[in-house]
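# Geometric and topological summary
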Amino acid sequence: MTSKPTDQTIAEPKPDSFKPGTALTGAISVPGDKSISHRALILSALAIGESEITGLLEGEDVLATAKALRAMGAQIDKSGDKWTVFGVGIGGLMEPETVIDLGNSGTSVRLLMGLVAAHDISVTFTGDASLSKRPMGRVIEPLSAMGADFTARISVDDKACLPLTVRGLCPAIPLEYRLPVASAQVKSAILLAGLNIPGVTRVIEPVPTRDHSETMLKGFGANVTVETDANDNRIISLVGETELSPQKIKVPGDPSSAAFPVVAALLVPGSDIVVENVGINPTRAGLFTILQQMGGDIRFENEQIVGGEPVADIHVKHSKLKGIAVPADIVPSMIDEFPILFIAAAMAEGTTITSGLSELRVKESDRLSRMAEGLNLLGADLIEKEDGLTINGRAGFLPGGTKASAIKTALDHRIAMSFAVAGLVTETGLTIDDMSPTETSFPGFASMLAALQGSAQ
Ligand code: S3P
């Protein structure tokens, strides 16, 4: 018997070097929002009829979601820059014939676990070395209470991890669940399960997280209400078994991707750039607020609402930054942006203090350790604590030197992109062991940086 090669082969590491060059100038756009892209595919796959998506992020993570949905019966096609999805209807997913490999994508696996939990099907999920280390118990716990059954690998530190098999239940049991961690993925997994459950599924968020699921579910016609109680908890209630109607979705540029050229322009003297059409949803835009408070010249221009999401062009000029104590309540709205904030902090004047960041230890890598390690190699002055970094900025000076040739990204796209930006301002430049993880969220990242520098010549 011959076996077909899979398209999820292990990528060769792609080392690359980044060094100081010219100022960044000109206008660019960044790829589509990753969170919105996953949800656009998933909700379209559940609607009855044909949805259209433009601006979809065509990165590995989102393509992994598309492949999984196809394996469960949705028809997903692409023509030019337009994606069309023929949905199967609520409750219409089929059991896939093979194991589903979600590569590096935590959002794919956690959201799809929710979907499967309320279908009468069984699905086995696997992923790459990074995803296989990430905790799945946070999703397994509520979905088990809804009636789904899980068999997961247990890691050496006793966590439920991939590979795992979920056997869904139909009809499953509606749940009221108070989120013990501020996680949009957990919230979304429960709501997606609730779509195929009779009665009211309710998620209580003591700390608000990104709200794309609620907004998009409403847009697709789901019966969702969002309230805030006297204690400032957000309460999201969804009445299940309401059919979704197909939509035309325009995905805005990803603020988490825009973060890299924005910080690069702040740090490289003489820079003046515009990042066009970026989502500035307040549940995502915390980094821009903090950078403005550090003295960054960042302005939102052409603000508008596109498909229920606020969008703007972000105009950024080189600025001298000052250290800051980052307040804990802004953390969820910039949870993916701390790696690049740490680079800005290392170049700022004064001390930046961050705390409440233990979630960073269970992202695509342990982002506190990876960033502390890399910044130490560049000669930054910092202390790593259990839940944050304290960085004494060196006011525009990161020496680098021989150790700067050993930056490790540990299969983490945001670590790779953060240090690439650091390379533009580190005296000696630096070398990163593997830039291939950037394909998960920002295809064309290195050429985007080069184009911004080229346009200054
Ligand atoms: C995401 C939620 C966040 C974020 C991730 C995308 C989402 O994860 O870090 O990149 O699309 O729901 P958590 O839910 O673990 O905070």
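Predicted, not measured: the structure shown is a model, and the values here were computed from it.

It is worth spelling out the domain arrangement of the protein chain at this point. Split into domains, the protein chain comes out as domain 1 (16-32 + 252-453) and domain 2 (34-197). Facing the 17 residues of domain 1 at the interface are 18 residues of domain 2. Across the domain 1 to domain 2 interface the summed buried area is about 1,500 Å²; carbon plus sulfur atoms make up 52%. Considering only the surface of domain 1 that becomes buried against domain 2, Glu 364, Leu 411 and Thr 440 emerge as the three largest contributors, covering 34% of it. The partner of Arg 134 in a salt bridge is Glu 364, and the shortest N-O contact between them spans 3.8 Å. Taken together, domain 1 and domain 2 are joined by nine residue pairs in polar contact (both at pLDDT 80 or more). Split into classes, the residues belonging to the side of domain 1 that touches domain 2 amount to five nonpolar, four polar and eight charged.

The next point concerns helix H11 (residues 413-423). For H11, a buried count of eleven out of eleven residues is recorded, marking the element as mostly surrounded by other parts of the structure. Within H11, burial applies to His 413, Arg 414, Ile 415, Ala 416, Met 417, Ser 418, Phe 419, Ala 420, Val 421, Ala 422 and Gly 423. The backbone nitrogen of Arg 414 lies 3.0 Å from a side-chain oxygen of the residue at the head of H11, namely Asp 412.

The next point concerns the pairing of strand E19 (residues 381-385). Relative to strand E20 (residues 388-394), E19 is paired through five bridges, and the arrangement is antiparallel. Within the sheet, the bridge partner assigned to Lys 385 lies in E20 and is Gly 388. In this antiparallel pair of consecutive strands, E19 and E20, the connection spans two residues.

Around the ligand, the neighbouring residues are Ser 35, Arg 39, Thr 107, Ala 182, Ser 183, Ala 184, Gln 185, Arg 210, Ile 335, Asp 336 and Lys 363. Taking Ser 183, its side chain carries an N or O atom lying 2.6 Å from an oxygen atom of the ligand. Residue Asp 336 places a side-chain N or O atom 2.6 Å away from an oxygen atom belonging to the ligand. Computed on the free molecule, the ligand has an accessible area of 390 Å², of which 95% lies beneath the protein chains in the complex.

Glancing now at the sheet that holds strand E18 (residues 349-353). Reading across from one edge, E18-E20-E19 is the order of the three strands in this open sheet, with antiparallel pairing throughout. Of all strands in the sheet, those bounded by a partner on one side alone are E18 and E19. For this sheet the average axis-to-axis angle between neighbouring strands, irrespective of direction, equals 5°. Judged from the five bridges that link them, E18 and E20 form a sheet pairing that is antiparallel. Across the sheet, the residue bridging to Thr 352 is Ile 391, located in E20. Running at roughly 160° to E19, helix H10 (residues 367-377) makes contact with E19 and E20 of the sheet.

Two numbers describe how helix H3 (residues 106-117) lies on helix H5 (residues 184-194): the axes approach to 7 Å, and their chain directions differ by 25°. In terms of their interaxial angle, H3 and H5 are classed as roughly parallel. When the axes of H3 and H5 are compared, the crossing they make is right-handed. Residue-level inspection shows Gly 106, Thr 107, Arg 110, Leu 111, Gly 114, Leu 115 and Ala 117 of H3 in contact with H5, the latter providing Gln 185, Ser 188, Ala 189, Leu 192 and Ala 193. Here the contact of H3 with H5 is built from residues that sort into six nonpolar, five polar and one charged.

About the thresholds
Residues numbered from 1 in each chain as written. Predicted model: local features only at pLDDT ≥ 70, side-chain atom pairs only at ≥ 80, totals over all residues. Heavy atoms only, no water. Domains from an automatic or database assignment. Contact = heavy atoms within 4.5 Å. Buried area = accessible area lost by both parts, 1.4 Å probe. Salt bridge = Lys/Arg side-chain N within 4 Å of Asp/Glu carboxyl O. Polar contact = N/O pair within 3.5 Å; in protein donor to acceptor, adjacent residues only side chain to side chain. Nonpolar A, V, L, I, M, F, W, Y, C, P; charged D, E, K, R; others polar. Buried < 20%, exposed > 50% of the residue type's maximum accessible area, 1.4 Å probe, protein only. Helix = DSSP H or I, 4+ residues; strand = E, 2+ residues; numbered from the N terminus. Pairing = 2+ DSSP bridges. Near = heavy atom within 4 Å. Areas by Shrake-Rupley, 256 points an atom, 1.4 Å probe, with all protein chains shown as cover. Axes fitted to C-alpha atoms, helices over the stretch in contact; angles between N-to-C directions. Parallel < 35°, antiparallel > 145°, perpendicular 65-115°, else oblique. Left-handed = near helix turned anticlockwise from the far one by under 90°.

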